[in-house]
Amino acid sequence: MVTESVSKPGTEAGGQHLKSSLRENRVFPPPAEFSARAHVRSLGDYEAMYRRSVEEPDAFWAEAADSLDWMERWTRVLDWDGSRAQWYVGGKLNLCANAVDRHALGSRASKVALLWEGEPGEQRSLTYQELHTEVQRFSNGLKSLGVRKGDRVSIYMGMCPELAIALLSCARIGAVHSVVFGGFAAQALADRTNDAQCKVLITQDSSFRRGQPVPLKAIADEALTRCACVENVVVFRRSGTPVPMQDGRDHWWHDVVERAERECAPEPMDAEDPLFILYTSGTTGKPKGLVHTTGGYGVGTLLTTRYNFDLHETDVYFCTADIGWITGHSYVVYGPLLNGATVMLYEGAPNWPETDRFWRMIDTHKVTIFYTAPTAIRAFMKWGTDCVRKHSLSSLRLLGTVGEPINPEAWMWYHREIGHERCPIVDTWWQTETGMHMIAPVPGAVPTKPGSATRPFFGVVPEIVTKQGEPVPAGCGGLLVIRRPWPAMARTIFGDHERYVKTYWSEIPGSYFTGDGARVDEDGYFWLMGRVDDVLNVSGHRLGTMEIESALVAHTSVAEAAVVGRPDEMKGEGVIAFVSLADEREPSPALKDELKKWVAKEIGALARPDDIRFTPALPKTRSGKIMRRLLRELAATGEVKGDTTTLEDFSVVASLKEKDEE
Ligand code: WTA
């Protein structure tokens, strides 16, 4: 049974998966060969470790923290007052030193840290020692531009080693990075840069996507006309395309590092000093700048990377996420580098020049761990098996997924075609807010079920509850909450702690509210069912309906707009916008097109509506609230079944339906 609230937006897609998940009873035990060499080798060991982690959390997390080098030891593991958490109180450390120096100055000096392929095919690799040198020089470069501890730095780049170097350099000098995904448009970049009051912006001339240049510097220039806070801009020369440089404001990366001193001591940071801000969509029009801090985030990402990917010294690790998202922060940069892993970075599209690009790279670089999103897997399935079977993929030993519920069909395809039935599949549930994996199978120990993220990570206590916070019986759907704090949790929303408390710690008092619906089966396995709020999950990317609505109403032709998700076989969810036009504007296919382009220009191509439906008015309740449930139903099925008695004007729904049938 699924409560009404969990069949809300996002869940239509999840719900569809759920239908097949409910029939899903296949269980895949960890391959014996895999378990034999794993960090955790049996279900019994996992359960014992889990039990200890929740019965003696302080002891568990204290021990976990020993995996990092501290400049000063902390005095208490956790201070928690119900809305403000402090982990590793009084501890001092530097995460860049932990991610780079200790490997470069230790036994991993000549081990490859970053392995990069540009979309056109160039390859580069940097050892830990080389990374150490680059990071120190760029850190000094940032200092020479006046960046100091606590200052915010906006980063708007494509996937290249310099992007990772930029993050690590900020961490080294105590500056707070705020990465904006390179697919966001100028306005979105400007909004985020202004909200965080960034002093410096780091970008590059252009990047590549499907053979086309992505003009990052030009977009940044447009954004910067609206950002008074930015004093200096650093531009990395990636493609060599000529770009205008503004005197006094813009500096080439290579000039900045050439002038810089070679040695830069890492800044001692308090465990609770902010490491970065990352914006994500919520239920209002304004994205939230989630603040992650140093000590707990370091411990959480290090530990989850080690256990959930069963990381070993010889692994070559490839996560396809862009560093612009939380997955890239935690599981391209920090988690793997804190563990001293070899990390593969790829700049471009998975189907460039051919649909076998990933498989070719896996064979070339002998990738052992591959982490991607269900939406990508569904695209691979569509591209067919010929391009996969051309490659051996024999180096792979573990596969991961993240970002949305994975439908069992995609899971099975991944297992068979990519994993050759020998690689455990680690379905990781977590969020920008959680900073680290929360629910995922520890691969040598926990049997997997296609479509389930399985069991919680050590120290994490998830539960399914009703809207009133009452536990629901096993097998029933409800809201997913987390019962206690964990080290990598976001501490606040930048500049708005009240919103943080209200959004996450007040819905279900005493618990963290995830915004997701889920159920637990008789084996204690978690099955995620999608968002229960007005957040969409399009191709594994989070989008706020209100954000897209605000963009639409900013267009002169639009009077009102309501955006909902519609189940989409490939993307999980598609974006459907219901639009009523301003006086005297006439609906037309050309206007539809224009509005789609407008949203792409205002927010980024990822938010472009799949469909726009014109309507004379939006269905509203008597109190004036847009009836999104009706619109969702209409978008999904073309029909409206539920209760419409509070509708202000039935004829609006009737006319929307008619249009649908045209
Ligand atoms: C969804 C991405 C099901 C979920 C790391 C969550 C998932 C939102 C999974 C967070 C998964 C992420 N199974 N759903 N394995 N992973 N989600 O902040 O709805 O971009 O709330 O973080 O993605 O998206 P975000």
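Rules used throughout
Residues numbered from 1 in each chain as written. Predicted model: local features only at pLDDT ≥ 70, side-chain atom pairs only at ≥ 80, totals over all residues. Heavy atoms only, no water. UniProt positions renumbered as here; feature names shortened; annotations may be inferred. Helix = DSSP H or I, 4+ residues; strand = E, 2+ residues; numbered from the N terminus. Buried < 20%, exposed > 50% of the residue type's maximum accessible area, 1.4 Å probe, protein only. Contact = heavy atoms within 4.5 Å. Areas by Shrake-Rupley, 256 points an atom, 1.4 Å probe, with all protein chains shown as cover. Axes fitted to C-alpha atoms, helices over the stretch in contact; angles between N-to-C directions. Parallel < 35°, antiparallel > 145°, perpendicular 65-115°, else oblique. Left-handed = near helix turned anticlockwise from the far one by under 90°. Nonpolar A, V, L, I, M, F, W, Y, C, P; charged D, E, K, R; others polar. Core = buried A, V, L, I, M, F, W, Y, C linked by side-chain atoms within 4.5 Å. Near = heavy atom within 4 Å. Polar contact = N/O pair within 3.5 Å; in protein donor to acceptor, adjacent residues only side chain to side chain. 1 Å grid on protein atoms, 1.4 Å probe; cavity = no way out; pocket = protein on both sides within 12 Å on 5 of 7 lines; lining within 4 Å. Points joined across faces, edges and corners; volume = space filled by probe spheres on them.

The protein has the name Acetyl-coenzyme A synthetase in an unreviewed UniProt entry, where Terriglobus aquaticus is given as its organism. Check the Cofactor (unreviewed entry) section of the UniProt entry for the protein; it says "Mg(2+)". A UniProt comment under Catalytic activity (unreviewed entry) is attached to the protein, and it reads "acetate + ATP + CoA = acetyl-CoA + AMP + diphosphate".

Draft legend 1. Quick look at the overall build of the protein. Across its full length, the protein holds 21 helices and 30 strands. Taking the principal axes of the C-alpha coordinates as reference, the protein spans close to 70 × 65 × 55 Å. Here the protein holds 662 residues, and 63% of them are scored as buried. Excluding contacts between residues fewer than 6 apart, the proportion of contacts in the protein whose partners are at least 24 apart in sequence is 72%. Total accessible area computed for the protein in this model is approximately 24,300 Å², and 50% of it derives from carbon and sulfur atoms.

Draft legend 2. The UniProt feature "binding site: Mg(2+)" (unreviewed entry) in the protein, seen in detail. According to UniProt, the feature "binding site: Mg(2+)" (unreviewed entry) maps to V553, H555 and V558 in the numbering used here. By secondary structure assignment, the location of V553 is in helix α18 (residues 545–553). Apart from residues no more than four positions distant in its own chain, V553 is found in contact with V558, A559, E560 and A561. In this fold, V558 is placed in strand β28 (residues 558–568). Judged by its relative accessible area of 6%, V558 falls in the buried class. The residues touching V558, leaving out its near neighbours within four places in the chain, are L552, V553, V579, S580, A582 and L595.

Draft legend 3. Structural view of the packing of helix α5 (residues 95–104) against helix α6 (residues 128–144). Two elements in contact, α5 and α6, have axes whose closest approach is 8 Å; the angle formed by their N-to-C orientations is 130°. In terms of their interaxial angle, α5 and α6 are classed as oblique. Considering how the two elements wind past one another, α5 and α6 form a crossing that is left-handed. Listed contacts from α6 to C96, A99, V100, D101, H103 and A104 of α5 are Y128, Q129, L131, H132 and V135. Its residues assigned to classes, the contact of α5 with α6 comprises 7 nonpolar, 3 polar and 1 charged.

Draft legend 4. Representation of helix α4 (residues 57–65) within the structure. Of the residues making up α4, those classed as buried are F60, W61, A62, A64 and A65. Lining the buried residues of α4 we find α3 (43–55), β1 (76–80), β2 (85–89) and α11 (295–308).

Draft legend 5. Region of the structure containing the nonpolar core. If you look at the biggest cluster of nonpolar residues, it comprises 124 residues, and the most contacted ones within it are W61 and I202. Here this core takes 9 residues from helix α7 (residues 161–173), the largest share from any one element. Not counting residues within four places of it along the chain, the set of residues in contact with W61 comprises V77, W87, Y88, V299, L303, M436, F457, F458, G459 and P487. The next biggest cluster of nonpolar side chains, apart from the first, holds 43 residues, and it includes V243, V538, V558 and V575.

Draft legend 6. Expanded view of the site of the ligand. Near the ligand, the surroundings consist of 17 residues, among which D427, T428, T432, R531 and R542 are the closest. Contacts to the ligand include T428, whose backbone N or O atom sits 2.7 Å from a nitrogen atom. Here Q431 contributes a side-chain N or O atom positioned 2.9 Å from an oxygen atom of the ligand. Summarising the interface, the protein chains cover 96% of the accessible area of the ligand, which totals 520 Å² for the free molecule. Taken together, the elements giving at least two residues each to the shell around the ligand come down to α12 (326–338), β20 (425–428) and β25 (526–531). Considered class by class, the residues forming the shell around the ligand number 6 nonpolar, 6 polar and 5 charged.

Draft legend 7. Main features of empty space enclosed by the protein. A complete count under the given rule lists 5 cavities of 30 Å³ or more for this structure. Considered as a void within the structure, the largest cavity measures approximately 60 Å³ in volume. For the largest cavity, the full set of lining residues is F184, R192, L278, Y279, T280, S281, W325, I326, T432 and R542. The element contributing the most residues to the lining of the largest cavity is strand β14 (residues 274–280), with 3 residues.

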